[in-house]
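Single-letter residue listing:
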Amino acid sequence: MKQQELIRIVDLNVSVNGINVLNNLNLTIKTGEIHAIMGPNGSGKSTLSKVIAGHPNYQITKGSIFFKGKDITWMDPETRAHEGIFLAFQYPIEIPGVSNTDFLRLAYNSKRKANNLPEMDPLAFFETLSDKLNTINMDSKFLGRNVNEGFSGGEKKKNEILQMSILDPCLSILDETDSGLDIDALRVIASGINKLFHQEQSIILITHYQRLLDYIEPTFVHIMHEGRIKQTGNANLAVELEAKGYDILNSV
């Protein structure tokens, strides 16, 4: 399948409480690509993820974001989600009183309704959900529990991947999905991501560590610093970063 441009970010400048966080950032991602974004704390990685998703607390002062050829710079988060943008949080929140099954079905049917598709009844949805559980090796007992309530760190991250699998987004932004995971949980979650990924999608992986990229091979690796992308390379760049640290930016 021929690759198509999925998202293009042009000269993006973003401030929070009057402080510039992103500075003239440019990034283009095509379908079938996995882009890993690395960088020290405070470099703007998580800010970028939230701005793409449409978080209202971040003010775009300059630049544009195009998604599937459409200018989404000022589009609200719900519409972006319906268009096919998904953000997995670094610290997934708990939602007491809302079961996983109800949450997932409402989110799924909301997206279908926005795209003029018929809603799926609970029984048919449960069958779809069961298939996804098997793909990511997740126990069905989690479906009856409230969203993330009492979940371990690994269970919360796995639940985020379950949400991603159900919504089948065009662009998945995974913000430090590997944070707080032991090696076994990391392998399971990475395996689930690899199984779900297909060539009509793209993924942005935000991570501090090379270890996630041992299991999910990136098409490109970007190093962010001071609110902009300072260096881009293939998977070997992450290996070099692991070995030498951010001193490699001094040569750029």
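Residue positions within a chain follow its written sequence, with the count starting from 1. It should be noted that, the model being predicted, local features are given only for residues of pLDDT at least 70 and side-chain atom pairs only at 80 or more, the latter also being counted only at that level, while totals for whole chains, interfaces and linings use all residues. No hydrogens and no water enter the side-chain calculation; it runs on all heavy atoms of the structure.

- Per an unreviewed UniProt entry, the protein chain carries the name Probable ATP-dependent transporter ycf16 and comes from Dermonema virens.

**A look at the overall build of the protein chain**
Inference 1: Helix numbers and strand numbers start at the N terminus; a helix is a DSSP run of H or I with at least 4 residues, a strand a run of E with at least 2. What the protein chain contains, in helices and strands, is 7 helices and 12 strands.
Inference 2: For the radius of gyration, the atom set is restricted to C-alpha positions; the globular benchmark scales as 2.2 Å times the number of residues to the power 0.38. Taking 2.2 N^0.38 as the reference for a compact globule, 252 residues should give roughly 18 Å; the C-alpha atoms of the protein chain span a radius of gyration of 18 Å, in line with that estimate.
Inference 3: Looking at the protein chain as a whole, 47% of its 252 residues are labelled buried.
Inference 4: We call two residues in contact when some of their heavy atoms are within 4.5 Å. By sequence separation, contacts in the protein chain at least 24 residues apart represent 69% of the contacts at least 6 residues apart.
Inference 5: Here the protein chain displays about 12,100 Å² of accessible surface, and carbon together with sulfur accounts for 48% of that area.
Inference 6: One finds the centroid of the 25 positive side-chain charges in the protein chain at a distance of 3 Å from the centroid of its 30 negative side-chain charges. Note on classification: 1.4 Å probe, protein chains only; a residue is buried when its accessible area is under 20% of the maximum for its type, exposed when over 50%, partly exposed between these limits. For the accessible areas, the method is Shrake-Rupley and the probe is 1.4 Å, while residue cover comes only from the protein chains on display. Charged residues are defined here as Lys and Arg on the positive side and Asp and Glu on the negative side; His and the ends of the chain fall outside this count. Lysine's charge is taken at NZ, arginine's at CZ, aspartate's at CG and glutamate's at CD.

**As for the pairing of strand β2 (residues 19-30)**
Inference 1: The rule for pairing is simple: two strands pair if DSSP sees at least two bridges between them. Inspection of the sheet shows strand β1 (residues 5-16) paired to β2 by 8 bridges, in the antiparallel sense. If you follow L12 over to β2, its bridge partner there is L25.
Inference 2: Between β1 and the antiparallel strand that follows it, β2, lie 2 residues; N17 among them carries a positive phi value of about 55°.

**Overview of the nonpolar core**
Inference 1: We call a set of buried residues a nonpolar core when its members are Ala, Val, Leu, Ile, Met, Phe, Trp, Tyr or Cys and they connect through side-chain atoms within 4.5 Å of each other. Ranked by internal contacts, the top residues of the largest apolar core, which has 40 residues, are I161, L162, L174, I193 and L205.
Inference 2: Looking at which element gives the most residues to this core, the answer is helix α6 (residues 183-196), with 5 residues.
Inference 3: Those residues within four positions of I161 in sequence are excluded, and the remaining contacts are I136, L174, I189, I193 and L196.
Inference 4: Formed by 29 residues, the second largest nonpolar core is a distinct cluster that contains V21, I29, I85 and I206.

**A word on the sheet that holds strand β11 (residues 220-225)**
Inference 1: With mixed pairing, 6 strands are arranged side by side in an open sheet as β6-β9-β10-β3-β11-β12. The strands lining the two open edges of the sheet, one partner per strand, are β6 (85-88) and β12 (228-233). For this sheet, the mean inter-axis angle between neighbouring strands, taken without regard to orientation, is 20°.
Inference 2: Angles shown run from 0 to 180 degrees and are taken between the N-to-C directions of axes, each axis being a line fitted to C-alpha atoms and, for helices, limited to the stretch in contact. Sheet strands in contact with helix α7 (residues 235-244) are β3 (34-38), β11 and β12, and its direction is about 45° off that of β11.

**A closer look at the side chain of H208**
Inference 1: Residue placement: H208 occurs in the loop between β10 (202-206) and β11.
Inference 2: Pairs of N or O atoms within 3.5 Å make up the polar contacts considered here, provided that, within protein, one atom can donate a hydrogen while the other can accept it, and that residues adjacent in sequence are counted only when both atoms are side-chain atoms. Engagement of the side chain of H208 in a polar contact is seen with the side chain of N41, the distance being 3.0 Å.
Inference 3: A polar contact is formed between the side chain of H208 and the side chain of E176, at a distance of 3.4 Å.

**Regarding the environment of K132**
Inference 1: By the secondary structure assignment, K132 is in helix α4 (residues 122-136).
Inference 2: Overall, the relative accessible area of 24% leaves K132 in the partly exposed class.
Inference 3: Between the alpha carbons of K132 and Q163 there is a distance of 9.5 Å; along the sequence they are 31 residues apart.
Inference 4: Residues contacting K132, with those up to four places away along its chain left out, are L162, S165 and I166.

**Concerning α4**
An α-helical turn contains 3.6 residues, so any two residues separated by three or four positions project in the same direction.
Inference 1: To estimate how far a helix should extend, the number of its residues minus one is multiplied by 1.5 Å. With 15 residues, α4 ought to run about 21 Å at 1.5 Å a step, and its terminal C-alpha atoms sit 21 Å apart, in line with that.
Inference 2: Those residues of α4 lying buried are F125, L129, L133 and I136. All buried residues of α4 lie within an arc of 85° about the axis, which places them on one face of the element. Residues of α4 that are exposed and point over 90 degrees away from its buried face: L123, E127, D131 and N134.
Inference 3: Residues of α4 that are buried make contact with α3 (100-114), α5 (153-167) and α6.
Inference 4: Of the residues that open α4, the one with a side-chain oxygen 3.0 Å from the backbone nitrogen of L123 is D121.
Inference 5: Looking one or two residues past α4, N137 carries a phi angle of roughly 55°, positive in sign. Here the arc refers to the directions that run from the helix axis out to each C-beta atom.

**Description of the layout of surface pockets**
Inference 1: Approximately 960 Å³ is the volume found for the largest pocket.
Inference 2: Here a cavity denotes grid points, spaced 1 Å and computed from the protein atoms alone, that fit a 1.4 Å probe unable to get out, and a pocket denotes an open set having protein on both sides within 12 Å along at least 5 of 7 lines; residues with an atom within 4 Å of a point are the lining. Around the largest pocket, the lining is made up of 32 residues, and of these A81, F86, L87, F89 and Q163 lie nearest the centre.
Inference 3: Elements with a minimum of two residues in the lining of the largest pocket: α1 (45-53), α2 (77-83), β6, α3 and α5.
Inference 4: Sorting elements by how many residues they give to the lining of the largest pocket places α3 first, with 6 residues.
Inference 5: A per-class count over the lining of the largest pocket returns 19 nonpolar, 7 polar and 6 charged. Grid points are joined across faces, edges and corners, and a volume is the space filled by probe spheres set on the points. We call Asp, Glu, Lys and Arg charged. Ala, Val, Leu, Ile, Met, Phe, Trp, Tyr, Cys and Pro are nonpolar, and the rest, Gly among them, are polar.

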